[in-house]
Amino acid sequence: MSHWSAQLTRRHLLQTTAVSAAAAVTGLVNAPALLRAQGSPVKLGVLHPVSGALSYSGQQGRLGATIAIEEINAAGGIKALGGAKIEAVLGDAQSTPEGGNAEVEKMNSANVAAIIGGYASSICLTASQTAARYDLPYVVDVGVADNIVTRGLKNTFRFGPGFGVIAKTALDNLVTINDQAGKPAKTAMIVHEDSLFGSGLAKLLNAQLPERDFQVLETIPHPTPTRDFNNVVLKIKAQNPDLVIPANYYNEYVLLARTMQQQRVRQKGIYSVLGGAASSYKFVKEFPEAAQYIMDCNHWFDPRNPKALALKKKVEDRGQFYTYEVFMNFSCVLLVADALERAGSAERAKIITALENSTFSGHVMPYGPTKFVNGQNQGAAPVNTQVLGNDIQVIFPQTFATAKPVFPMPRA
Amino acid sequence: MLSPVILVPAVLNGLLTGAVYGLIALGLTLIYGVLHIINFAHGALLTAAMFAAFFAHRFLGLDPYLAAIGLTPLFFALGYSLQRFVIGPTAHGEDRNILLVTLGLAVVIENALLYAFGADTRTLNLDYAFNVVDLGIAFLALPRVIGLGVVLAVALALWLILSLTDTGKAIRAVAKEKLGAELSGIDVGHIYAVTFGLGTACLAIAACLLIPTYYVNPHIGNAFVLVAFTIVVLGGMGSVTGALVGGLFIGVVESLSGLYLGESLGQIGIFVMFILVLLLRPRGLFGERA
């Protein structure tokens, strides 16, 4: 039986009604359930942690994905499928891997053609594994843990860069920035959250920083959520490293930076790799003093791309912040839409083949044309940003830098 | 790692956190001392109070410290009614039933909050949340310093109520000898409910002190109430002084074990302490001999 059978059984009716009722409640999709059979829209699972500790990032990711879906539908849907509209099946991973799993099961029962999202590495890891059981294409939006794409899962694709690439770029750029400033930084402390993302990154940094002549004084793990960073900041104060390297999610990142400001702890630099808040306009707007001069190596849009700037305006006009979750998810949906166009079908196997052969370049990231090798987009790379004044500037790579790095931090 | 530069602030921070722990434990120990029941709904009621303080700010623009003035009588009334109309009548005089009823209440309250507000972790951003008091050797967060002051004031007020007012005397009489109190004409049902109300009112104040620096979600109360149980056992079941001193002590233990064992393992110290007290001094620091 095809996935798009127009046959209407009682179970099917209940299922689709429930799904679209759920979607209608969230106010994002309001097509009546019965229309699905007639116009044959393509269902796309949009999975994010929109509640729980990661809810802000999750909601931003969902925003990016839904804007992309709105734009595709407004422009006439998937042309190869007779102008079929994309219908979002929204899922809430509740900031846990188990939550993500449960949603994948639901999405599979709802007959989605593919799933995008996941956000956190731990969620992406389990959700894509579950999707693999149903040969369901899964496009990871952010999750950077390297093993997401090294498990040999045919269904899993990651559009953005993984740890390996990010850490290497981040460290190379750190060395360059430090050298240019006359090597003021020799020691570092790492503050990381204790799940897959933070721990993995901390391990990598601990292995690679000494090779580049930085001494790691201490590595401090903390759980998510943590609501008190006084002890961590006291340790930083006692050891007085040249650099503080945070690897955690938004709330904790902000709290750490604010507690450092509160306790008047000011190092030569805060340099984060995938800092949860360092490249966030929300952080810069709400706490400009705590955010000042923080450097980050993170996902960033291509500032030369008019499409990226148009999206920025659109998001800001809605009163939202243009964070990396937004443009990453926006791009992932476009990537899947392109695969659907080339596959000319909503069959899962054909979409997987189309993604494998993707050369998609209509996204808003500085990646160039897409090329997947074992599920990893080869062109994907992070950039370096710094908070300067009330804006976030790109300081590396040179090709689209908008400012020069300010390092070490000027004394207050 | 033992330099006073970090040790002194860590101990002071622990004392400040511990004060609020002490207030939560105070409510718990008061109810235990008089009703001789362990109130399992304590954590859930704290969560409810934190949500109340959160939404008072979100929708009414009330500062949490101002909200405390309204929430304290509200939660007193809530606690009074719970004991008078739910826990008391359903218990039929059996302690075992009370245990189950309060446990049931906890499940109902938590799930009602989960249903109403979802599992989201919410935080308030208050302008003064990151202001500090500069002691020279340490910077202390302003909301926590206020917290310590309020806790001490509440403890003093509670002590005055218990020792000077007629109701206070009646509460102490019921705690000491229920039958004797009843024979002297004290309405035990009413006193039970007043005590439960006082314990719940302590939670409303604690919630308002916590919300400026903490977060709230439907399960948050459990984290505090486990600590509060430890404090009550440490300080001596039913001892008001024990709850305060125990709270301050546990706060310092938590802060120091967080500092030396890492944030992820910070609470280990508390539970090691719990086991040690049970092994070495089961009646607690200020508890009366059983």
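Since the model is a prediction, treat every value here as computed from it, not as a measurement. (Residues numbered from 1 in each chain as written. Chains lettered and ligands numbered in written order. Predicted model: local features only at pLDDT ≥ 70, side-chain atom pairs only at ≥ 80, totals over all residues.)

Helix and strand counts for chain B stand at 11 helices and 4 strands. The C-alpha atoms of chain B give 19 Å as radius of gyration, which agrees with the globular expectation for 290 residues (19 Å, within 12%). Across the 290 residues of chain B, 52% fall into the buried class. Considering only residue pairs separated by 6 or more positions, chain B has 77% of its internal contacts joining residues 24 or more positions apart. (Helix = DSSP H or I, 4+ residues; strand = E, 2+ residues; numbered from the N terminus. Rg over C-alpha atoms; globule rule 2.2 N^0.38 Å. Buried ≥ 20, exposed ≤ 12 C-beta atoms within 10 Å, placed from the backbone. Contact = placed C-beta atoms within 7 Å.)

Residue and element names in this part refer to chain A. Pairing is mixed across the open sheet formed by 7 strands, whose spatial order is β7-β6-β8-β9-β10-β13-β14. The open sheet has two edge strands with one neighbour each: β7 (215-222) and β14 (391-396). This sheet shows a mean twist of 25 degrees between the axes of neighbouring strands, independent of strand direction. (Pairing = 2+ DSSP bridges. Axes fitted to C-alpha atoms, helices over the stretch in contact; angles between N-to-C directions.)

Moving on to the nonpolar core. Core analysis: the biggest nonpolar cluster contains 140 residues, and Leu-44 and Val-336 of chain A have the highest contact counts within it. Here this core takes 14 residues from helix α13 (residues 324-343) of chain A, the largest share from any one element. Beyond its immediate stretch of four places on either side in the chain, Leu-44 of chain A contacts Ile-69, Ile-86, Glu-87, Ala-88, Val-89, Val-112, Ala-113, Ala-114, Ile-116 and Val-336 of chain A. In this structure, Ile-37, Leu-71, Tyr-80 and Val-233 of chain B belong to the second largest nonpolar core, which totals 97 residues. (Core = buried A, V, L, I, M, F, W, Y, C linked by C-beta atoms within 7 Å.)

This paragraph deals with the interface of chain B and chain A. Facing 24 residues of chain B, the contacting portion of chain A comprises 24 residues. For the side of chain B that touches chain A, the secondary-structure elements that each account for two or more residues are α1 (4-35), β3 (139-141) and α10 (240-261) of chain B. For the side of chain B that touches chain A, the element with the highest residue contribution is α1 of chain B, accounting for 5 residues. In the side of chain B that touches chain A, the residues fall into 13 nonpolar, 9 polar and 2 charged. (Nonpolar A, V, L, I, M, F, W, Y, C, P; charged D, E, K, R; others polar.)

This paragraph deals with the domain arrangement of chain A. All names here are of chain A. With domains assigned, chain A is organised as domain 1 (10-160 + 304-377) and domain 2 (164-298 + 383-400). Here the C-alpha centroids of domain 1 and domain 2 sit 30 Å apart. Facing the 17 residues of domain 1 at the interface are 19 residues of domain 2. Those elements giving two or more residues to the side of domain 1 that touches domain 2 turn out to be α3 (55-74) and α5 (121-132). Top element by residues in the side of domain 1 that touches domain 2 is α5. It accounts for 3 residues. A breakdown of the residues in the side of domain 1 that touches domain 2 according to their chemical character gives 11 nonpolar, 4 polar and 2 charged. (Domains from an automatic or database assignment.)

So, on to the confidence of the model for chain B. For residues with low pLDDT, the predicted coordinates do not support detailed interpretation. Of the residues in chain B, 98% reach a pLDDT of 70 or more, and the chain-wide mean stands at 90. In the predicted complex, the global pTM is 0.78; the interface-specific ipTM is 0.77. (pLDDT = per-residue confidence, 0-100.)

Position of Glu-182 of chain B among the secondary structure elements: in helix α7 (residues 178-183). Taking C-alpha positions, Glu-182 of chain B is 43 Å from Gly-269 of chain B, a pair spaced 87 residues apart along the chain.

Here we come to the confidence of the model for chain A. All names here are of chain A. Averaged over every residue, the pLDDT of chain A is 88; the share at 70 or more is 90%. In this model, residues 1-8 is a region of pLDDT below 50 whose contacts with residues beyond four sequence positions or in other chains number 7 contacts. Within the model, the stretch residues 16-38 combines pLDDT values under 50 with 26 contacts to residues more than four positions away or in other chains.

Turning next to helix α7 (residues 196-208) of chain A. Residue and element names in this part refer to chain A. Relative to the 18 Å expected for 13 residues at 1.5 Å per residue, α7 spans 18 Å between its end C-alpha atoms, a close match to the ideal helical length. Buried within α7 we find Leu-196, Phe-197, Gly-198, Gly-200, Leu-201, Ala-202, Leu-204 and Leu-205. Packed against the buried residues of α7 are α5, α6 (163-180), β6 (187-193), β7, β8 (243-247) and β9 (269-273). (Expected span 1.5 Å × (residues − 1).)

Let's shift gears to the pairing of β6 of chain A. Each regular strand shows side chains that alternate between the opposite faces of the sheet. Residue and element names in this part refer to chain A. For β6, a buried count of 6 out of 7 residues is recorded, marking the element as mostly surrounded by other parts of the structure. Taken together, the 7 bridges between β6 and β7 define a ladder with parallel strand orientation. What sits directly across from Met-189, in β7, is Glu-218. As a crossover connection, the stretch from β6 through α7 into β7 is right-handed. (Right-handed = clockwise from strand over helix to strand, strands pointing away.)

What follows deals with the packing of helix α2 (residues 42-60) of chain B against helix α3 (residues 64-91) of chain B. Residue and element names in this part refer to chain B. Following both chains from N to C, one finds α2 and α3 inclined at 135 degrees, their axes separated by 10 Å at the closest point. Looking at the two axes, α2 sits oblique to α3. Relative to α3, α2 is oriented so that their crossing is right-handed. Listed contacts from α3 to Ala-49, Ala-52, Ala-53, Ala-56 and His-57 of α2 are Pro-64, Ala-67, Leu-71 and Phe-75. Class assignment of the residues belonging to the contact of α2 with α3 gives a composition of 8 nonpolar, 1 polar and no charged. (Parallel < 35°, antiparallel > 145°, perpendicular 65-115°, else oblique. Left-handed = near helix turned anticlockwise from the far one by under 90°.)

Moving on, we come to the packing of α13 of chain A against helix α14 (residues 348-356) of chain A. Residues and elements named next belong to chain A. Between α13 and α14, whose axes approach to 8 Å, the crossing angle comes to 110 degrees. In terms of orientation, α13 and α14 fall into the roughly perpendicular class. Relative to α14, α13 is oriented so that their crossing is right-handed. In this structure, α13 uses Ala-339, Leu-340, Arg-342 and Ala-343 to contact α14, whose residues at the interface are Lys-350, Ile-351, Thr-353, Ala-354 and Leu-355. Of the residues that constitute the contact of α13 with α14, the class distribution is 6 nonpolar, 1 polar and 2 charged.

Residue and element names in this part refer to chain A. In this model, helix α4 (residues 97-109) (13 residues) spans 19 Å end to end at C-alpha, consistent with the 18 Å of a helix rising 1.5 Å per residue. Buried residues of α4: Pro-97, Gly-99, Gly-100, Glu-103, Val-104 and Met-107, and no others. All buried residues of α4 project into a common sector of 150 degrees when viewed along the axis, lining one side. In α4, the exposed positions that point more than 90 degrees away from the buried face belong to Glu-98 and Ser-109. The inward-facing, buried residues of α4 contact β1 (42-48), β2 (86-92), β3 (114-117) and α5. (Arc of directions from axis to C-beta.)

Time to look at unusual backbone geometry. Residues and elements named next belong to chain A. Cis geometry is found at the peptide bond from Phe-396 to Pro-397, where omega equals -10 degrees. Phi angles above zero are rare outside glycine, and Ser-95 is one such case at about 65 degrees. For Ser-95, the location among the structural elements is in the loop between β2 and α4. Of note, the phi angle at Asp-135 is positive, near 50 degrees, even though the residue is not glycine. Within the element layout of this structure, Asp-135 appears in the loop between α5 and β4 (138-140).

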